[in-house]
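# Structural overview for review
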Amino acid sequence: MHNENVALTVNGRRHALDLDPRVTLLDALRENLGMTGTKKGCDQGQCGACTVIVNGQRINSCLTLAVMHAGDEITTIEGLEEDGNLHPMQAAFVRHDGLQCGYCTPGQICSAVALLAEHKAGWPSYATADVATAPVLTDGEIAERMSGNVCRCSAYSNIVSAIRDVAEGGRI
Amino acid sequence: MYAFDYHKPRSLAEATALLNANPEARLLAGGMTLIPTLKQRLASPSDLVDLGGLPDLAGIFVGDGEVRIGAMTTHATVAHSAEVRAALPALAALAEGIGDPQVRHRGTIGGSISNADPAADYPAGVVGLGATVVTDRREIAADNFFTGMFETALEPGEIVRQVRFPIPEAAGYAKFPNPASRYAVAGVFVARAAGGVRVAVTGAGPSVFRVPEMEAALTASFTPEAIASVLVDADDLNTDLHATAAYRAHLVGVMAARAVTSALES
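Cut-off values and rules
Residues numbered from 1 in each chain as written. Chains lettered and ligands numbered in written order. Predicted model: local features only at pLDDT ≥ 70, side-chain atom pairs only at ≥ 80, totals over all residues. Heavy atoms only, no water. Helix = DSSP H or I, 4+ residues; strand = E, 2+ residues; numbered from the N terminus. Rg over C-alpha atoms; globule rule 2.2 N^0.38 Å. Buried < 20%, exposed > 50% of the residue type's maximum accessible area, 1.4 Å probe, protein only. Contact = heavy atoms within 4.5 Å. Lys, Arg positive; Asp, Glu negative; His and termini not counted. Charge placed at Lys NZ, Arg CZ, Asp CG, Glu CD. Pairing = 2+ DSSP bridges. Axes fitted to C-alpha atoms, helices over the stretch in contact; angles between N-to-C directions. Buried area = accessible area lost by both parts, 1.4 Å probe. Salt bridge = Lys/Arg side-chain N within 4 Å of Asp/Glu carboxyl O. Polar contact = N/O pair within 3.5 Å; in protein donor to acceptor, adjacent residues only side chain to side chain. Core = buried A, V, L, I, M, F, W, Y, C linked by side-chain atoms within 4.5 Å. Expected span 1.5 Å × (residues − 1).

## Notes on the overall build of chain B
The helix and strand tally for chain B stands at eleven helices and 14 strands. In summary, chain B has a C-alpha radius of gyration of 18 Å against a globular reference of 18 Å for 266 residues, a match within 12%. Across the 266 residues that make up chain B, the buried fraction comes to 56%. Of the contacts formed within chain B by residues at least 6 apart in sequence, a portion of 58% connects residues at least 24 apart. Treating the 20 positive side-chain charges of chain B as one cloud and the 28 negative ones as another, the clouds have centres 6 Å apart.

As structure tokens, then:
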């Protein structure tokens with residue numbers, strides 16, 4: 001079986017890698033690039049701890065092979081800060097205490113950042129009663145849109161508060 | 001995972017050549033089922049042929065009384081397509097209810113129907129709407145496509161290119177989702193068209209199936225009350241830790257009534 005040469009663009013930086021095709025995007029980030037911010041939880045697509053943003057869309061990095069992502073723009077938790085300052089979503093999670101153990105937090109934050117972009121694009125959700133009008137980010141909407149991210153410490157109420165704060169233009 | 005070689009063909013012909021040259025090769029679409037299956041060592045393909053390099057396989061076309069969806073179109077794309085939501089809102093809602101956002105951004109309609117998981121949502125929509133599955137070599141009617149649990153009419157090396165859904169007069173989908181994973185413990189797609197009403201059930205049995213008694217009753221009167229007295233036989237339905245066959249039989253009736261209500265409201 002043959003290794004593959006693959007160039008991954010992570011947080012704007014291009015990395016040339018020689019990979020066994022079995023390596024998931026998650027393992028490539030953590031083991032090959034040393035970027036351990038993205039967490040391995042269930043490793044089978046159920047918990048969302050490994051959520052990263054690929055070409056603007058949030059996906060489970062454990063459920064995709066690194067070789068499938070040559071040429072894609074990959075954003076991880078390490079790529080959210082700007083000029084040494086926390087991303088507004090990171091700051092809001094701190095301010096609202098949107099975590100306990102913190103293991104799911106990078107995935108939660110990446111997911112929440114993508115959620116706001118999806119909402120801004122006018123995407124309705126399963127919880128949207130009237131899909132003809134722009135959905136309002138109620139707590140129920142946020143919970144539905146974050147359904148791919150599990151928090152076993154159950155910090156959900158504070159996670160929802162943090163996301164709503166940023167959605168409503170909260171403090172940075 | 002067992003070792004495999006990876007290929008990303010740039011044309012359908014190249015993909016076909018790879019499949020023909022490697023009898024133990026498998027197609028890779030979104031990977032939402034195949035990659036966990038490989039991790040569990042439940043499959044050992046010699047080669048993976050990634051269809052992600054074939055943009056012609058993704059896309060949505062609405063016209064001529066049809067919604068045509070390319071095999072590599074993701075669930076999120078279907079769910080958020082303004083054209084699908086206008087022409088076939090029940091199908092957009094079905095796609096929005098699959099898994100979670102992360103899964104919907106990768107999972108594809110072609111992958112879902114080719115995998116034919118008994119609890120997948122799309123088979124109910126495909127059979128309920130009487131869709132046509134277009135492959136690289138033929139067209140397959142929905143009623144002939146799903147042949148059993150994880151089994152389809154696809155031949156070795158055959159590649160799904162597109163699914164063509166006729167636009168019905170009214171349609172609705174309702175499911176009892178597994179609370180953690182959202183797959184259908186029982187899901188029912190109901191569609192009313194000029195030719196009559198179709199009722200397709202997923203999640204309840206080994207494979208998607210139609211309910212002729214409900215179709216006849218709904219063709220006579222398209223109301224939830226019309227099927228209130230139709231009993232679904234539990235003999236061939238699934239039993240697992242989430243629901244017994246008898247409970248699933250009951251759920252089919254409840255979900256069918258909800259699907260009709262949804263169709264009437266759309």
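Here the narrative resumes.
## Things to note about the environment of Ala79(B)
All names here are of chain B. Looking at the element boundaries, Ala-79 is found in helix H3 (residues 75-80). Here the alpha-carbon distance between Ala-79 and Leu-12, two residues 67 residues apart in the chain, equals 26 Å. Leave out the neighbours within four places in its chain, and Ala-79 touches Arg-85, Ala-92, Ala-95 and Glu-96.

## What about the sheet that holds strand E10 (residues 160-166) of chain B?
Pairing between sheet strands relies on hydrogen bonds along the backbone, with the strands arranged either parallel or antiparallel. Residues and elements named next belong to chain B. The sheet built from five strands is open, its strands ordered E4-E5-E10-E6-E7 with antiparallel pairing. The strands lining the two open edges of the sheet, one partner per strand, are strand E4 (60-63) and strand E7 (139-141). In this sheet, neighbouring strand axes are inclined to one another by 20 degrees on average, regardless of whether the strands run parallel or antiparallel. As defined by bridge partners, strand E6 (residues 132-135) adjoins E10 across four bridges and the pair is classed as antiparallel. Residue Thr-132 lies in a different strand from E10, and its bridge partner there is Arg-164.

## Quick look at the interface of chain B and chain A
Counting from both sides, the interface comprises 33 residues of chain B and, opposite them, 34 residues of chain A. When the two sides are added together, the surface that chain B and chain A hide from each other amounts to roughly 2,900 Å², 57% of it contributed by carbon and sulfur. In this assembly, chain B and chain A are joined by two salt bridges. Taking the shortest distance from any N to any O, the salt bridge between Arg182(B) and Glu144(A) comes out at 2.7 Å. In this structure, the connection of chain B to chain A is made through eleven residue pairs in polar contact (both at pLDDT 80 or more). Only strand E1 (5-7), helix H2 (34-39), strand E3 (47-50), helix H5 (89-96) and helix H6 (101-104) of chain B provide two or more residues apiece to the side of chain B that touches chain A.

## Overview of the nonpolar core
Residue and element names in this part refer to chain B. Ranked by size, the top nonpolar core spans 38 residues in total, and within it Ile-113, Tyr-122, Val-126, Phe-165 and Phe-189 carry the most contacts. In terms of residue count, H5 provides more of this core than any other element does, five residues in total. Formed by 29 residues, the second largest nonpolar core is a distinct cluster that contains Val-190, Phe-222, Val-232 and Met-255.

## Details of helix H5 (residues 156-167) of chain A
All names here are of chain A. Over its twelve residues, H5 extends 16 Å from the first C-alpha to the last, a length consistent with the 16 Å expected when each residue adds 1.5 Å. Ile-159, Val-160, Ala-162, Ile-163, Asp-165 and Val-166 are the residues of H5 that are buried. Where the residues of H5 are buried, they touch helix H2 (88-95), helix H3 (105-120) and helix H4 (139-145). Positive backbone phi, at 75 degrees, marks Gly-169, one or two positions downstream of H5.

## Points about the pairing of E6(B)
All names here are of chain B. Pairing of E6 with E7, which is carried by three bridges, proceeds in the antiparallel orientation. Pairing of Val-133 across the sheet is with Ile-140, part of E7. In sequence, E6 turns back onto E7 through a hairpin of three residues.

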